[in-house]
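# Geometric and topological summary
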Amino acid sequence: MDPIVIGIVGAGFAASFHVENYRRVPGLNIRIKGVTAKRAKSAQTFAKRHQLETTYDSVEELLTDPEITIVDLCVPNFLHHPLVIQAAQAGKHIVCEKPLTGYFGDGTEKLVGHKISRKAMFEHALKSADEMIDAVKSNGVIFCYAENWIYAPSIQKANNILAQSENTIFRIVAEESHSGSHSAYAKEWRYSGGGSLFYKGCHPVAGALYLKYNEGLRKEGKPIKPKSVLAQVANLTQIDSFVHEDKKWVQDGWKDCEDWGTMVITFTDDSIAQITAADIVLGGIKNIITVYSSKSVIQCNINPNTSMLSYVPDEQILGNVYIREKVETRAGWQLTNPDEDWMNGFPHELEDFCQAITNRQAPKSTLELARDILAVCYGAYISAEMQQQFVLSNWM
Ligand SMILES: NC(=O)c1ccc[n+]([C@@H]2O[C@H](COP(=O)([O-])OP(=O)(O)OC[C@H]3O[C@@H](n4cnc5c(N)ncnc54)[C@H](O)[C@@H]3O)[C@@H](O)[C@H]2O)c1
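Residues numbered from 1 in each chain as written. Predicted model: local features only at pLDDT ≥ 70, side-chain atom pairs only at ≥ 80, totals over all residues.

## Quick notes on the environment of Arg 190
- Tracing the backbone through its elements, the reader meets Arg 190 in helix H7 (residues 189–192).
- Judged by local crowding, Arg 190 falls into the buried class, with 22 C-beta atoms found within 10 Å. (Helix = DSSP H or I, 4+ residues; strand = E, 2+ residues; numbered from the N terminus. Buried ≥ 20, exposed ≤ 12 C-beta atoms within 10 Å, placed from the backbone.)

## Observations concerning the domain arrangement of the protein chain
- Each domain of the protein chain was delimited in the assignment, giving domain 1 (4–147) and domain 2 (149–303 + 374–395).
- Contacts between domain 1 and domain 2 engage 27 residues on the former and 25 residues on the latter. (Domains from an automatic or database assignment. Contact = placed C-beta atoms within 7 Å.)

## So, unusual backbone geometry
- Here the bond from Lys 98 into Pro 99 is cis, since omega is -15 degrees, no more than 30 degrees from zero.
- For the bond from Asn 303 to Pro 304, the omega torsion is 5 degrees, close enough to zero to count as cis.
- Structurally, Pro 304 is set in the loop between strand E12 (297–303) and strand E13 (310–312).
- At Lys 326, a residue that is not glycine, the phi angle is positive and equals roughly 65 degrees.

## Remarks on the site of the ligand
- Within the structure, the ligand sits among 23 residues, and Gly 10, Gly 12, Ala 14, Lys 38 and Glu 97 are positioned closest to it.
- Residue composition of the shell around the ligand, by class: 13 nonpolar, seven polar and three charged. (Near = placed C-beta within 6 Å. Nonpolar A, V, L, I, M, F, W, Y, C, P; charged D, E, K, R; others polar.)

## Overview of helix H4 (residues 80–89)
- Every buried residue of H4 is accounted for by His 80, His 81, Val 84, Ala 87 and Ala 88. Viewed along the axis of H4, the buried residues span an arc of 135 degrees, placing them on a single side of the element.
- As for H4, its buried residues are in contact with helix H3 (59–63), strand E4 (70–73), strand E5 (93–97) and helix H5 (118–138).
- Looking at the residues trailing H4, positive phi occurs at Gly 91, about 75 degrees. (Arc of directions from axis to C-beta.)

## Some remarks on the nonpolar core
- Membership of the largest hydrophobic core comes to 114 residues, with the highest contact counts inside it found for Ile 94, Ile 373 and Cys 377.
- Looking at this core, the element that brings in the most residues is helix H13 (residues 367–386), giving 13 residues.
- Here this core spans two domains, since at least three of its residues come from each of domain 1 (4–147) and domain 2 (149–303 + 374–395).
- Filtering out sequence-adjacent residues up to four positions away, Ile 94 remains in contact with Val 71, Leu 73, Val 84, Ala 87, Ala 88, Val 141, Phe 143 and Cys 144. (Core = buried A, V, L, I, M, F, W, Y, C linked by C-beta atoms within 7 Å.)

## A look at the sheet that holds E4
- Across the sheet, which stays open at both edges, the six strands sit in the order E3-E2-E1-E4-E5-E6 with parallel pairing between neighbours. Each having just a single partner strand, strand E3 (54–55) and strand E6 (143–146) make up the two edges of the open sheet.
- Across four bridges, strand E1 (residues 4–9) lies against E4 in parallel orientation. In the strand pairing of E4, Val 9 is matched with Leu 73. (Pairing = 2+ DSSP bridges.)

## What about the sheet that holds strand E9 (residues 260–267)?
- With mixed pairing, seven strands are arranged side by side in an open sheet as E12-E11-E7-E10-E9-E8-E15. Two strands lie at the open edges of the sheet, namely E12 and strand E15 (390–391), each paired on one side alone.
- Sheet topology note: the strand E7 (residues 169–177)/strand E10 (residues 272–278) ladder contains seven bridges and is parallel. Bridge pairing in E10 links Ser 177 to Ala 278.
- Packing against the sheet, helix H6 (residues 153–162) makes contact with E7, strand E11 (286–293) and E12, and its axis sits at approximately 165 degrees to E12.
- Its contacts with the sheet place helix H9 (residues 202–220) against E7, strand E8 (226–234), E9, E10 and E11, and it is angled at close to 155 degrees to E7. (Axes fitted to C-alpha atoms, helices over the stretch in contact; angles between N-to-C directions.)

## Notes on the environment of Val 291
- Tracing the backbone shows Val 291 in strand E11.
- Judged by the 27 C-beta atoms lying within 10 Å of it, Val 291 is buried.
- Taking the C-alpha atoms as reference points, Val 291 and Ala 278, separated by 13 residues in sequence, lie 20 Å from one another.
- With near-sequence residues (within four places) excluded, Val 291 lies in contact with Ala 158, Ile 169, Ile 172, Leu 211 and Ile 298.

Put into structure tokens, the structure is as follows:
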């Protein structure tokens, strides 16, 4: 079997869990050859830590390596568009982190004060997505959208249960929240393309769309798509009393991105999804989706879950042991996650991508789905700005 040779772009958080989880993919000949990052030093440190063969001085150098078959983009959101186009033109298959793309201005522009209408941002973001789709199609490469919620074993199991009988999903309630991103890029719109509702909300939106799309495919051979969205956003870390608190447990310093958002998506069959995303939630990451259908109620506790409970009176007792993502303390009773990556669906996601590329077929998490998620999130921003429902139908 020909090896799948991977080049990683980015040496941060996402790059690490990608490398670790490619190594868990069974039955394929996968070689993670090298990495490039913004700074040569961080690429070298990353390569050493993960025992990669080489580093590249630039994306261009990585793309000209004839051995590389997959370029895995683990870079800030504003780089997804240019690097996807560059990689496609170089004839490389692509794995790209979420969200697909967005509106980032010209890289310098401050978006505070809503100088640009959300509608203009929406149109720009979809144009950006369409250019990516064109580049992928015209160069005949396979694109894999790294949205792990689609691969989380609990969401796959939910889809399986829902598929066993005629079943109507009435309502989906889903949330991704925690106490604030570790990445400085998340706090500025020109790098992130949006705040909590976009950066985090794209995960639960993906879960909801995936389940409704599958319901439609089972029933009528086509996905049940969103038709409108109603949303609200806020900057809760700017509440005066919080600003004056001495010790802060949640991230602050958001430049021009919201730290809380919620949206109600209405689908073409009039079912709904209630999505919340926030950067102000203590107690570790909260990734939960509940599906209320005509024949079942299914709650997917991606994280936290009660797979394992542990208690220590003092963190030091744990040594270096990891408990779960973004908990502020490891002491006391803990919803310890024995295999967080597995619960997140990371190994399943990368296995599907490698299989898709090997077999020249679309992965479960496609570019078209990524574009729809983008349209819903940016449509939500228009709704929040206009204080009214935004009709998506013409854009889906
Ligand atoms: N699926 C998930 O659960 C998940 C979790 C975290 C992040 N992400 C996504 O992963 C992507 C990266 O986020 P992160 O948390 O790893 O960020 P990070 O800040 O930890 O790392 C970003 C990396 O990008 C590199 N980089 C920046 N500019 C570059 C350039 N011009 N050329 C090459 N490399 C460059 C930096 O050197 C850095 O190593 C984002 O799109 C984010 O949304 C997904």
